[in-house]
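Understanding the architecture of this molecule
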Amino acid sequence: TSASAAECQDPLLVQPFAPRGDLRDYVMVPGGDFADASGWQLSRGAKIVDAEQADGTSGGVLELPSGAVAVSPTVCVDINYPTARLHSRSVRGGGFVAVAVAYQDRRTQYRQQLVDVLRSRSSDWKLSRDIRIQPQLAGREAGWRRVAFVFVAAGRSSAHQVDDLYVDPRMS
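Anyway, here's the lowdown on the structure attached to this text.

Rules used in this analysis
- Residues numbered from 1 in each chain as written.
- Predicted model: local features only at pLDDT ≥ 70, side-chain atom pairs only at ≥ 80, totals over all residues.
- Heavy atoms only, no water.
- Helix = DSSP H or I, 4+ residues; strand = E, 2+ residues; numbered from the N terminus.
- Buried < 20%, exposed > 50% of the residue type's maximum accessible area, 1.4 Å probe, protein only.
- Contact = heavy atoms within 4.5 Å.
- Lys, Arg positive; Asp, Glu negative; His and termini not counted.
- Charge placed at Lys NZ, Arg CZ, Asp CG, Glu CD.
- Core = buried A, V, L, I, M, F, W, Y, C linked by side-chain atoms within 4.5 Å.
- Polar contact = N/O pair within 3.5 Å; in protein donor to acceptor, adjacent residues only side chain to side chain.
- Salt bridge = Lys/Arg side-chain N within 4 Å of Asp/Glu carboxyl O.
- Pairing = 2+ DSSP bridges.
- Phe/Tyr/Trp six-rings, centres within 6.5 Å; stacked < 30°, edge-to-face > 60°.

Now for the overall build of the protein chain. On a plain count of helices and strands, the protein chain comes out with 1 helix and 13 strands. Going residue by residue from the N terminus, the α and β elements of the protein chain occur as α-β-β-β-β-β-β-β-β-β-β-β-β-β. In terms of its C-alpha atoms, the protein chain occupies a principal-axis envelope of roughly 45 × 35 × 25 Å. For the protein chain, buried positions account for 48% of its 172 residues. Taking the intrachain contacts of the protein chain between residues at least 6 apart in sequence as the baseline, contacts between residues at least 24 apart amount to 74%. Measuring between centres, the 20 positive side-chain charges of the protein chain sit 10 Å from its 19 negative side-chain charges.

As structure tokens, then:
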């Protein structure tokens, strides 16, 4: 819409995964560094905790025990933002984290679409594969659209951590 076009701007591009061999440009999802919980909707035990991050430093990460739900602040994407990536790890048990994207439809309601499942049985940080966020589900027209990421932890007595949530604005 013209309102969202006015609110959304071309983002600052960075290469956060270069140490892992990914030289593509990315844009951080608002709050995707998990420095604090600002803008995040956290429920059922989801929380930001201080922990060792994927780069070896100490800082905030999103912790998701079984049944936890976390919804990111909205991020502006367009049809050319097809993927996202992040770091994840298991800190207890097996299970998985379902990743959905909530798309704003023409009635300004958000509807969720499952886009990936993160599985890790290791306490080592792992860079996710490309998560196909399917921005076309919010319409095929050019221009900005708002989406939010939804993380849901599943599995008996498990806990997972997520860090460094980025979208890829120009993957070809």
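With that out of the way, let us pick up the nonpolar core. One finds Leu62, Leu64, Ile131, Ile133, Phe149, Phe151 and Val167 to be the most contacted residues of the largest nonpolar core, which totals 33 residues. Residue assignment for this core shows that the elements contributing at least two residues are strand 4 (58–65), strand 6 (75–77), strand 7 (83–92), strand 8 (96–104), strand 9 (110–118), strand 12 (145–154) and strand 13 (159–168). With sequence-adjacent residues up to four places away left out, Phe149 is seen in contact with Val29, Ala70, Val71, Ser72, Val75, Ala84, Val99, Ala100, Val101, Ile133, Leu165 and Val167. Val69, Ala100, Ala148 and Val150 belong to the second largest nonpolar core, which has 6 residues in total.

Within the element layout of this structure, Asp22 appears in the loop between helix 1 (2–7) and strand 1 (27–28). Since its relative accessible area comes to 7%, Asp22 is described here as buried. A polar side-chain atom of Asp22 sits 2.6 Å from a polar atom in the side chain of Arg85.

Turning to the pattern of salt bridges, a few remarks are in order. Per the stated rule, a full pass over the model turns up 6 salt bridges. For Arg24, the salt bridge is made with Asp22, and the minimal N-O distance between the two is 3.4 Å. As a salt-bridge pair, Arg24 and Asp168 come within 3.5 Å of each other at their nearest N and O atoms. You can see Arg24 sitting in the loop between helix 1 and strand 1 and its partner Asp168 sitting in strand 13, a full 144 residues away along the chain. Within the structure, one salt-bridge network assembled from shared partners comprises Asp22, Arg24, Arg85, Asp130 and Asp168.

By the criterion of burial, strand 7 is predominantly enclosed, with 8 of the 10 residues buried. When strand 7 meets strand 11 (residues 131–132), the two strands line up antiparallel, connected through 2 bridges. Note on strand 11: the bridge partner recorded for Ala84 is Ile131. Bridge count between strand 7 and strand 13: 8 bridges; the pairing is antiparallel. Across the sheet, the residue bridging to Ser90 is His160, located in strand 13. Where strand 7 meets strand 10 (residues 126–127), 2 bridges bridge the pair, whose relative direction is antiparallel. In the strand pairing of strand 10, His87 is matched with Leu127.

Before going further, it helps to examine the packing of aromatic side chains. Scanning the entire structure with this criterion turns up 6 aromatic pairs. Taken together, a centroid distance of 6.4 Å and an interplanar angle of 75° make the contact between Tyr26 and Tyr166 edge-to-face. In this pair, Tyr26 sits in the loop between helix 1 and strand 1 while Tyr166 sits in strand 13, placing the two residues 140 residues apart along the sequence. When the ring of Phe34 is compared with that of Trp40, the centres are 5.0 Å apart and the planes differ by 40°; the resulting orientation is tilted. Across the pair, exposure class does not vary: Phe34 and Trp40 are buried alike. Members of the aromatic cluster, each reached through a chain of ring pairs, are Phe17, Tyr26 and Tyr166.

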